[in-house]
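Read off the chains here:
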Amino acid sequence: MGKRSTKENKNIYQLRREEMEWTRERASEQLAFMSADRIEKIESEKSLPHPDEILAMSKCYKSPDLCNYYCSHECPIGQEYVPELKMKDLSQIVLEMLASLNNLEKEKERLIEITADGEITEDEYHDFTKIQGQLNRISQSVDSLQLWLQKTIADGKIAADLKAGVEE
C-alpha cells in the first residue's frame, strides 16, 4: 500500500479515491485507461479531467455525485445549466419534495390565471417567478432522488435490475 496523502485541501476526486482506500496506482489499474500520473494531475488540479474520465471514476469509485460535481463546477455549459446537488438522506429528499409540492399546490390556481392567456404581464411576473422557484426546487428534489438511487445501487444496497423495472 502506498503512503497516505497529508495534503490539506484535497479535491473531490482525490477524496473519493481515498474513500475507496486506493492508491493512485490501484485506481489506475481499476480505471485501465488512466495512468497514475494522469490521476495525480487531476487530483492536484494541474490538469482538468475529461468527461469520459469523470464517468469512469464515478463508476469505479462508486460515487455518482462526481458527475454532478464536474458538470456544475468544471463544465462551462453545466456551470450555466446544472445545479450542484448534495448527497442527502432519502427522508430529507422526500420531505423537501413534499414541502415544495404542497407549496405549489397552493399556487396552482395562480399559475393557471397567469398563463391562461399565454402572456405574463408585469403585474404577474413576481408571482410567476415565485412559482418557477417552486418548480426548480421540485426538479432539484427529483435530481437528488435520482442521485441517491444511483449511489444506493453503486453501494449494492439495491439491485440495479430493480431500477430498470421502475423506469419502464
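Look a little higher up for the structure.
Residues numbered from 1 in each chain as written. Predicted model: local features only at pLDDT ≥ 70, side-chain atom pairs only at ≥ 80, totals over all residues. Heavy atoms only, no water.

Quick look at the overall build of the protein
Next, step 1: The helix and strand tally for the protein stands at 9 helices and 0 strands.
Next, step 2: Listing the helices and strands of the protein from first to last along the sequence gives α-α-α-α-α-α-α-α-α.
Next, step 3: Over its C-alpha atoms the protein spans a radius of gyration of 21 Å, topping by over 25% the 15 Å that the globule rule assigns to 168 residues.
Next, step 4: With the C-alpha coordinates aligned to their principal axes, the bounding extent of the protein is approximately 65 × 35 × 30 Å.
Next, step 5: For the protein, buried positions account for 32% of its 168 residues.
Next, step 6: Contacts spanning at least 24 positions in sequence make up 44% of the contacts within the protein whose residues lie at least 6 apart. (Helix = DSSP H or I, 4+ residues; strand = E, 2+ residues; numbered from the N terminus. Rg over C-alpha atoms; globule rule 2.2 N^0.38 Å. Buried < 20%, exposed > 50% of the residue type's maximum accessible area, 1.4 Å probe, protein only. Contact = heavy atoms within 4.5 Å.)

Some words on helix α8 (residues 122–154)
Next, step 1: The end-to-end C-alpha distance of α8, which contains 33 residues, comes to 48 Å, matching closely the 48 Å that a straight helix rising 1.5 Å per residue would cover.
Next, step 2: Among the residues of α8, E124, I131, G133, Q134, I138, S141, S144, L147, L149, T152 and I153 are the ones counted as buried.
Next, step 3: Looking one or two places after α8, you find G156, whose phi comes out positive at around 80°. (Expected span 1.5 Å × (residues − 1).)

Digging into helix α5 (residues 65–73)
Next, step 1: Within α5, the full set of buried residues consists of D65, L66, N68, Y70 and S72.
Next, step 2: Its buried side turned inward, α5 meets α1 (12–19), α4 (51–60), α6 (76–81) and α8.

Structural notes on the nonpolar core
Next, step 1: Residues Y13, L31, M57, Y61 and L66 are the most contacted members of the largest nonpolar core, which totals 16 residues.
Next, step 2: When contributions to this core are tallied by element, the ones reaching two or more residues are α1, α2 (24–31), α3 (36–43), α4 and α5.
Next, step 3: Considering each element in turn, this core owes the most residues, 4 residues, to α4.
Next, step 4: L66 has contacts with I12, Y13, R16, I54, M57, S58 and Y61, leaving out every residue within four places of it along the chain. (Core = buried A, V, L, I, M, F, W, Y, C linked by side-chain atoms within 4.5 Å.)

So, unusual backbone geometry
Next, step 1: Positioned with a positive phi, E45 is a non-glycine residue whose angle comes to about 60°.
Next, step 2: The residue E45 is located in the loop between α3 and α4 in this model.
Next, step 3: Unlike most non-glycine residues, K62 shows phi in positive territory, near 55°.
Next, step 4: As for its placement among the helices and strands, K62 is situated in the loop between α4 and α5.

Description of the packing of aromatic side chains
Next, step 1: Under the counting rule described, the total for this entry stands at 2 aromatic pairs.
Next, step 2: On the basis of an interplanar angle of 85° and a centroid distance of 6.0 Å, the ring pair of Y13 and Y69 is categorised as edge-to-face. One end of the pair, Y13, is in helix α1; the other, Y69, is in helix α5, with 56 residues separating them in the sequence.
Next, step 3: Between the aromatic rings of W22 and Y61, the centroid separation amounts to 6.0 Å while the plane-to-plane angle is 75°, which identifies the pairing as edge-to-face. Note that W22 is positioned in the loop between α1 and α2 and Y61 in the loop between α4 and α5, a separation of 39 residues in sequence. Each member of the pair, W22 together with Y61, is buried. (Phe/Tyr/Trp six-rings, centres within 6.5 Å; stacked < 30°, edge-to-face > 60°.)

Concerning the environment of E8
Next, step 1: Looking at the secondary structure, you find E8 in the segment before α1.
Next, step 2: Residues E8 and K41, spaced 33 residues apart in sequence, show a C-alpha to C-alpha distance of 16 Å.

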